[in-house]
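# Notes for the structure review
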Amino acid sequence: MNPYILATLLFGLGLGTAITFASSHWLLAWMGLEMNTLAIIPLMARHHHPRAVEATTKYFLTQATAAAMLLFASATNAWLTGQWDIQQMTHPLPITLITLALALKIGLAPVHSWLPEVLQGLDLTTGLILSTWQKLAPFALLLQIQPANSIILVALGLTSTLIGGWGGLNQTQLRKVLAYSSIAHLGWMILVLQFSPSLTLLALLTYFVMTLSTFLVFKLSKSTNINMLATSWAKAPAITALTPLILLSLGGLPPLTGFMPKWLILQELTKQDLAPTATIAAMSALLSLYFYLRLSYAMTLTMSPNSLAGTAPWRLQPSQFVLPLAVGTATTLLLLPLTPAAVALLSL
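All values derive from a computational prediction rather than experimental measurement.

A separate point is the UniProt feature "transmembrane region" (unreviewed entry) in the chain. Listed under "transmembrane region" (unreviewed entry) in the UniProt record, and renumbered for this structure, are residues 59–80, 92–115, 151–170, 177–195, 201–221, 233–254, 274–293 and 321–346. For residues 177–195, the end-to-end C-alpha separation is 29 Å, with 84% helix and 0% strand making up the annotated structure. The distance from the first to the last C-alpha atom of residues 201–221 is 31 Å, and the span holds 95% helix and 0% strand.

Next comes the structure, spelled out in structure tokens:
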């Protein structure tokens, strides 16, 4: 792709998110979301391949549906209450519609079916943008409207954690595994959104860092399915040794960074007298942990049946920029001791 076009699209991507962040009017927020969608579509379709085109078409249709639903809900709110302000949502009907539209935009269960299919058709770089940056604008709106209808949010959160765990169990494609991982993590964030928005923000940031590390590792080893992971020891032995820790951090095992948001979210749910909800969420984390362990096993404890010629690549100079991977890996593994500082910063 022409670098000028790429720069323009990335600028549009950032501008759309910034407009949604800064807006207090529903039409401006909708416009930001539309700019975001239209900027990423050429990035998704830049590989002229049927899978990429199919994924782009599916993404466009779901995002257009969610945007139309959002516009309809905000117009309904203006009709019922006479104002367009995002933070002045009082009527339950538009609040529910907008919550469901934003759930469709970010891929929460039970409106998640598009996410694994779309992510599977993209390359890892565009998949990383879709899994991280594209979640920011809808989350900013969810945090602003503060939906008071707790039953919907808890139902969406629990369904997402369970489906995110169950769906990833029988997958062999890494991008689909990461899509179900994304659904499960978003479920955890939505569960605690109404009780502690700052905790949702902390969970979102840690999810971004862990997902960044995981995508960069798979990009470095050029792996797209579980069988290809077995050859990564010959390409990058050091990062292959660290990858199981990154995956276990995604699963939420102590003493890694991923344990911090899960621990704090379970604590907050218990404080709100939602012990059964917390128990189901914790049990669903075991499902996710299983497929992370499966990836770890495939990567470090199995060897591909190749000849000695296959061990050559690691001697070559790395052609990729590995600083983001190094920083992301360190952050993914070592932030748990800073939990009190993170909680103090978020409670300011």
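Turning our attention to the packing of helix α2 (residues 26–44) against helix α7 (residues 136–145). The description of two packed helices rests on the angle between their axes and on the distance between the axes. The contact between α2 and α7 brings their axes to 10 Å, and the two run at 160°. One element, α2, and the other, α7, form an angle in the roughly antiparallel class. As for how α2 packs across α7, the hand of that crossing is left-handed. Taking contact as the criterion, the partners of Trp26, Ala29, Leu33 and Asn36 in α2 are, on α7, Ala137, Pro138, Leu141 and Ile145. Grouping the amino acids of the contact of α2 with α7 by side-chain chemistry returns seven nonpolar, one polar and no charged.

All right, on to the layout of surface pockets then. Space inside the second largest pocket adds up to approximately 190 Å³. Around the second largest pocket sit Ser196, Ser198, Leu199, Leu202, Leu264, Gln267, Glu268, Lys271, Val343, Leu346 and Ser347, which together line it. Residues that form the lining of the second largest pocket fall into these classes: five nonpolar, four polar and two charged.

Here the focus is the environment of asparagine 36. You can see asparagine 36 is positioned in helix α2. We classify asparagine 36 as buried; its relative accessible area is 3%. Taking the C-alpha atoms as reference points, asparagine 36 and alanine 137, separated by 101 residues in sequence, lie 8.6 Å from one another. When sequence neighbours within four positions are dropped, the list of residues in contact with asparagine 36 reads Leu13, Gly16, Thr17, Trp133, Gln134 and Ala137. In terms of polar contacts, asparagine 36 uses its side chain to reach the side chain of threonine 17, at 2.9 Å.

In a soluble, globular protein the nonpolar side chains are often hidden away together inside. Ranked by size, the top nonpolar core spans 48 residues in total, and within it Tyr59, Val118, Leu130, Val217, Phe218 and Leu295 carry the most contacts. Beyond its immediate chain neighbours, meaning those up to four positions away, leucine 130 contacts Ile40, Tyr59, Leu115, Val118, Leu119, Leu122 and Lys135. Of all hydrophobic cores here, the second largest spans 47 residues; its members include Ile145, Leu191, Tyr207 and Ala285.

With that settled, the discussion passes to the packing of aromatic side chains. Enumeration according to the criterion identifies four aromatic pairs in this entry. A centroid spacing of 4.9 Å and a plane angle of 55° characterise the contact between phenylalanine 291 and tyrosine 292, whose relative ring orientation is tilted. The burial state of phenylalanine 291 is the same as that of tyrosine 292; both residues are buried. Across the ring face of tryptophan 188, the terminal group of lysine 262 is positioned such that the distance to the ring centre comes to 5.2 Å.

Okay, α7 next. Burial within α7 is extensive, with nine of its 10 residues counted as buried. Within α7, burial applies to Leu136, Ala137, Pro138, Phe139, Ala140, Leu141, Leu142, Gln144 and Ile145. Among the structural elements, α1 (3–22), α2, α4 (92–106), α9 (174–192) and α10 (197–220) are those in contact with the buried residues of α7. Once α7 ends, the next one or two residues include glutamine 146, with phi positive near 45°.

Once that is clear, we can look at a nonpolar patch on the surface. Together, Leu38, Phe60 and Leu61 make up a nonpolar patch on the protein surface, roughly 300 Å² of accessible area in all. For leucine 38, the location among the structural elements is in helix α2.

Attention shifts here to the pattern of salt bridges. Counted according to the given criterion, the structure contains four salt bridges. Among the salt bridges present, the one from glutamate 54 reaches lysine 58, with a minimum N-O distance of 2.8 Å. Of this pair, glutamate 54 and lysine 58 both sit in helix α3 (residues 50–81), four residues apart, roughly one helical turn. The class for glutamate 54 is partly exposed, based on a relative accessible area of 38%. Given a relative accessible area of 29%, lysine 58 falls into the partly exposed group. A salt bridge links glutamate 117 to lysine 58; its shortest N-O distance comes to 3.9 Å. With glutamate 117 in helix α5 (residues 114–120) and lysine 58 in helix α3, this residue pair connects regions lying 59 residues apart in the sequence. Shared partners join several salt bridges into a network, and the residues in it are Glu54, Lys58, Glu117 and Lys176.

Its location among the elements puts serine 288 in helix α15 (residues 275–300). The exposure class assigned to serine 288 is buried, which follows from its relative accessible area of 7%. Leave out the neighbours within four places in its chain, and serine 288 touches Gly165 and Ala184.

Parameters and conventions
- Residues numbered from 1 in each chain as written.
- Predicted model: local features only at pLDDT ≥ 70, side-chain atom pairs only at ≥ 80, totals over all residues.
- Heavy atoms only, no water.
- UniProt positions renumbered as here; feature names shortened; annotations may be inferred.
- Helix = DSSP H or I, 4+ residues; strand = E, 2+ residues; numbered from the N terminus.
- Axes fitted to C-alpha atoms, helices over the stretch in contact; angles between N-to-C directions.
- Parallel < 35°, antiparallel > 145°, perpendicular 65-115°, else oblique.
- Left-handed = near helix turned anticlockwise from the far one by under 90°.
- Contact = heavy atoms within 4.5 Å.
- Nonpolar A, V, L, I, M, F, W, Y, C, P; charged D, E, K, R; others polar.
- 1 Å grid on protein atoms, 1.4 Å probe; cavity = no way out; pocket = protein on both sides within 12 Å on 5 of 7 lines; lining within 4 Å.
- Points joined across faces, edges and corners; volume = space filled by probe spheres on them.
- Buried < 20%, exposed > 50% of the residue type's maximum accessible area, 1.4 Å probe, protein only.
- Polar contact = N/O pair within 3.5 Å; in protein donor to acceptor, adjacent residues only side chain to side chain.
- Core = buried A, V, L, I, M, F, W, Y, C linked by side-chain atoms within 4.5 Å.
- Phe/Tyr/Trp six-rings, centres within 6.5 Å; stacked < 30°, edge-to-face > 60°.
- Lys NZ or Arg CZ within 6 Å of the ring centre and 35° of its normal.
- Patch = residues over 30% accessible without salt bridge, like charges linked within 9 Å, V, L, I, M, F, W, Y side chains within 5 Å.
- Areas by Shrake-Rupley, 256 points an atom, 1.4 Å probe, with all protein chains shown as cover.
- Salt bridge = Lys/Arg side-chain N within 4 Å of Asp/Glu carboxyl O.

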